[in-house]
Amino acid sequence: EPLVLQSAHWLPLADTPATAKIAVLGSVGSTVYAGTDGHGVLRFDRETSAWESVSDGLPDVTYVYGVINLEETLFVATNHGVFRKPPGVERWESRSAGLTDNYITAIAASDDWTFAGTWEGRIFRSPDRGETWKQVYGARVDPATIAVNR
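First things first, this report covers the structure right here in the doc. None of the values given here were measured: they were computed from a predicted structure.

Attention shifts here to the overall build of the protein chain. A tally of regular secondary structure across the protein chain gives zero helices and 14 strands. Relative to its 150 residues, the protein chain shows a buried fraction of 39%. A fraction of 33% describes how many contacts in the protein chain between residues 6 or more apart in sequence connect residues 24 or more apart. For the protein chain, the accessible area works out to roughly 8800 Å², and carbon and sulfur atoms hold 51% of it.

Turning our eyes to something else, we now look at the packing of aromatic side chains. One pass over the full model with this rule turns up four aromatic pairs. Each ring, one from tyrosine 65 and one from tyrosine 103, has its centre 5.7 Å from the other, and the planes form 35°; the classification is tilted. Placement of the pair is tyrosine 65 in strand β7 (residues 64-70) and tyrosine 103 in the loop between β10 (93-94) and β11 (104-109), with a sequence separation of 38 residues. You can call tyrosine 65 partly exposed: its relative accessible area is 25%. Since its relative accessible area comes to 29%, tyrosine 103 is described here as partly exposed. Three or more aromatic residues link up through ring pairs in this structure, and these residues are Tyr63, Tyr65, Tyr103 and Trp119. One cation-aromatic arrangement involves arginine 125 over tryptophan 113; the distance from NZ or CZ to the ring centre is 3.9 Å.

Our next topic: the sheet that holds strand β14 (residues 134-137). Judged by pairing direction, the sheet is antiparallel, and its four strands sit side by side in the order β11-β12-β13-β14 without closing on themselves. Only two strands of the sheet have a single neighbouring strand rather than two, namely β11 and β14. Direction aside, the axes of adjacent strands within the sheet are offset by 30° on average.

Quick notes on the rules
- Residues numbered from 1 in each chain as written.
- Predicted model: local features only at pLDDT ≥ 70, side-chain atom pairs only at ≥ 80, totals over all residues.
- Heavy atoms only, no water.
- Helix = DSSP H or I, 4+ residues; strand = E, 2+ residues; numbered from the N terminus.
- Buried < 20%, exposed > 50% of the residue type's maximum accessible area, 1.4 Å probe, protein only.
- Contact = heavy atoms within 4.5 Å.
- Areas by Shrake-Rupley, 256 points an atom, 1.4 Å probe, with all protein chains shown as cover.
- Phe/Tyr/Trp six-rings, centres within 6.5 Å; stacked < 30°, edge-to-face > 60°.
- Lys NZ or Arg CZ within 6 Å of the ring centre and 35° of its normal.
- Pairing = 2+ DSSP bridges.
- Axes fitted to C-alpha atoms, helices over the stretch in contact; angles between N-to-C directions.

Right under this line is the structure:
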């Protein structure tokens, strides 16, 4: 466990703090994950008492704003869209098909739906755990009207 309650005080067990600023925490079973500000996802390794990067498959400079566990699959809301990491897989998979706004700042789920909230105030809903998304709230964006400067 990353923290242990002793005498009404939390004591850190990690030998060193995480190297990145932690924004959000999530877990799958007894494994704790940390979403960071610009450094992707970290996982706490109980054997070494240290945080390790588990960001394979995420774009460089990934900010993580939300972490949820759905049926042992970890989902993260990032500045590059929604990503998932199924059990036993070490590489993150993009799950942003249908999102017209990829700056995802919140993620939540019910029994039937997965929801993603965006920086621009839109909400998208997925009936299939992120395989497809449909916008259900906020101003619609016509992709043909978006100009990209490179």
